[in-house]
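Summary of structural features
Listed below are the residues making up each chain.
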Amino acid sequence: MLIKTKKSGELAESEITSENAYLSRRSLIKGLGLGGLLAAGTARAGVLDLLSSEEEGDGQAVRKPLQYRKQTPAPPLTLTPETKVTNHNNFYEFGTDKTDPAKNSQSLRVEPWTLTVEGEVERPGKVDVWELMSDTNLEERIYRMRCVEAWSMVIPWVGFELGKFLQRFAPTSRAKYVAFETLYDPEQMPGQKSRYIGGGIHYPYVEGLRIDEAMHPLTLLSVGLYGKTLPPQNGAPIRLVVPWKYGFKGIKSIVKIKLVEKMPVNTWHQLAPREYGFYANVNPAVDHPRWSQATERFIGPGGLFSVKRQETLPFNGYGEQVASLYNNMDLRKHF
Ligand code: MTE
């Protein structure tokens, strides 16, 4: 048995993910034959260029302060402390343990970073993400985040609406879906080099949304959290946030966005189609085949024993804004 010493702010995975869900997602990985090793700014700028070194104390990548509009009034939600948001992660390109991404991703080169937008658009293009951060009016969005593994957080993201961003490229009438792709760079991402580290996922990690979901004002491209640029483990420099869907839709470190006519594949659906759907709307009435989705463990402030079990809300609490997107759809079938 591997005994690890925990740093402050670090939580044992089994203390958060319901033990059942955590073991079960791992058993899926085990079933794939991978179990053995698993045991083992400027005035116009949104980014304030105040820091020049590449690393902060204790080996953590530098995060630059952002200029953004605060959310007012802030929603009445208890925030998950920053150290927990940045030390309990899923980013399989850097390993499958919740603490692996923070440990293994710090040297990811996030600057410069080019994002390509192509497909069914009249004006395809490439964007420098750091310029984009400077030229865009950034805003804070405090959202609930519900992982399919039945744990949840509340995170103050900084970003901008995906829909407004996509409009710049003039989507055509054939753009029915939006496909996203994470960086593919096995030299930097050990999980892409080794099935054992990367959980057997077929890389690059891909995700997708229906066009109306992508255009919904709640859907965010995030470039920061807690007022600073994203740390690598949370998907620097740019990631997707769709608050009414399970966390796996929130694809990290995006290099490509393609507007397409047909429903694109998404990584977790590809890996286990019976367990993870395309839509992945948070739904307490539809259990995962191997665990209940009725409740979740909220990772909030306080010590290890403060992880609180709470009821999971339909559409993660955003039903009023998004339920109409799914009128006349059987959400048991389209999970
Ligand atoms: N994006 C990539 N490229 N690789 C991943 O492994 N994991 C997903 C999602 N985005 C993942 C990813 C899952 S399962 C979750 S729950 C969220 O990222 C976790 O985001 P967080 O670590 O910022 O909480």
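The structure displayed is predicted, hence computed values, not measured ones. (Residues numbered from 1 in each chain as written. Predicted model: local features only at pLDDT ≥ 70, side-chain atom pairs only at ≥ 80, totals over all residues. Heavy atoms only, no water.)

Looking only at helices and strands, the protein chain features 11 helices and 12 strands. A buried classification covers 57% of the 335 residues belonging to the protein chain. Split by element, the accessible area of the protein chain, about 15,000 Å² in all, is 53% carbon and sulfur. (Helix = DSSP H or I, 4+ residues; strand = E, 2+ residues; numbered from the N terminus. Buried < 20%, exposed > 50% of the residue type's maximum accessible area, 1.4 Å probe, protein only. Areas by Shrake-Rupley, 256 points an atom, 1.4 Å probe, with all protein chains shown as cover.)

The sheet contact formed by strand β1 (residues 114–119) and strand β2 (residues 125–128) spans 4 bridges and is antiparallel. The residue bridging T114 from the neighbouring strand is D128, located in β2. With antiparallel pairing between neighbouring strands as the criterion, β1 and β2 make up a hairpin whose turn holds 5 residues. (Pairing = 2+ DSSP bridges.)

Time to look at the environment of G163. Along the chain, G163 falls in helix α6 (residues 162–167). Along the primary structure G163 and P217 are separated by 54 residues, whereas in three dimensions their C-alpha atoms are 6.8 Å apart. Those residues in contact with G163 that lie beyond four places of it in its chain are A214 and M215. (Contact = heavy atoms within 4.5 Å.)

Here we come to the pattern of salt bridges. Going through the model one piece at a time under the given rule, you end up with 18 salt bridges. What emerges from the salt-bridge pattern is a single network uniting R69, E139, R141, E161 and K164. (Salt bridge = Lys/Arg side-chain N within 4 Å of Asp/Glu carboxyl O.)

The local shell around the ligand holds 17 residues, among which Y92, E93, R239, G250 and K252 are the closest. Between N90 and the ligand, the recorded distance is 3.2 Å, taken from a backbone N or O atom to a nitrogen atom. The contact in question runs from a nitrogen atom of the ligand to an N or O atom on the side chain of E93, over 2.8 Å. Class assignment for the residues of the shell around the ligand results in 7 nonpolar, 6 polar and 4 charged. (Near = heavy atom within 4 Å. Polar contact = N/O pair within 3.5 Å; in protein donor to acceptor, adjacent residues only side chain to side chain. Nonpolar A, V, L, I, M, F, W, Y, C, P; charged D, E, K, R; others polar.)

Now for unusual backbone geometry. The omega angle of the peptide bond from T72 to P73 is -5°, so this bond is cis rather than trans. The residue P73 is located in the loop between α2 (19–39) and α3 (82–85) in this model. Of note, the bond from A236 into P237 is cis; its omega dihedral lies within 30 degrees of zero at -5°. Inspection of the secondary structure puts P237 in the loop between β8 (228–229) and β9 (239–241). Phi is positive for Y226, which is not a glycine, with a value near 50°. Of note, Y226 is situated in the loop between β7 (220–225) and β8. For Y226, a relative accessible area of 24% corresponds to the partly exposed category. Even without being a glycine, S253 presents a positive backbone phi close to 45°. Within the secondary structure, S253 sits in the loop between β9 and β10 (254–260).

Below, the discussion takes up the nonpolar core. Counting 79 residues, the largest nonpolar core has L162, F165, I238 and I257 as the members making the most contacts within it. Every residue in contact with I238, bar those within four places of it in the chain, is listed here: W113, L115, V129, L132, F160, L221, S222, V223, L230, K252, S253 and I254. (Core = buried A, V, L, I, M, F, W, Y, C linked by side-chain atoms within 4.5 Å.)

If you walk across this open sheet you meet the 5 strands as β2-β1-β10-β5-β6, and the pairing is mixed. This sheet does not close on itself; its edge strands, each paired only once, are β2 and β6 (206–210). Going across the sheet, the axis of each strand differs from the next one's by a mean of 20°, ignoring polarity. (Axes fitted to C-alpha atoms, helices over the stretch in contact; angles between N-to-C directions.)

We now examine the side chain of K245. Positionally, K245 belongs in the loop between β9 and β10. You can call K245 buried: its relative accessible area is 2%. In this structure the side chain of K245 is engaged in a polar contact, spanning 2.8 Å, whose partner is the side chain of E213. Here the side chain of K245 touches Y279 through a polar contact of 2.8 Å, landing on its backbone oxygen. When near neighbours in sequence (up to four residues on either side) are disregarded, K245 contacts R146, L209, E213, Y279, A280, N281, V282 and Y326.

The next point concerns the confidence of the model for the protein chain. Residues with a pLDDT of 70 or more make up 82% of the protein chain, whose mean pLDDT is 89. This model gives residues 1–9 a pLDDT under 50, and the stretch forms 12 contacts once residues within four places in sequence are excluded. Contacts from residues 35–45, a stretch scored under 50 in pLDDT, to residues over four places away or in other chains number 20 contacts. (pLDDT = per-residue confidence, 0-100.)

What follows deals with the packing of aromatic side chains. Using the criterion set out here, one finds 11 aromatic pairs in the structure. Between the aromatic rings of F278 and Y279, the centroid separation amounts to 5.3 Å while the plane-to-plane angle is 90°, which identifies the pairing as edge-to-face. By relative accessible area, Y279 is classed as buried at 7%. With 5.6 Å between their ring centres and 15° between their planes, F315 and Y326 make a pair best called stacked. One end of the pair, F315, is in the loop between β12 (308–311) and α11 (319–322); the other, Y326, is in the segment after α11, with 11 residues separating them in the sequence. Grouping aromatic residues by their ring pairs yields a cluster made of Y177, F278, Y279, F315 and Y326. (Phe/Tyr/Trp six-rings, centres within 6.5 Å; stacked < 30°, edge-to-face > 60°.)

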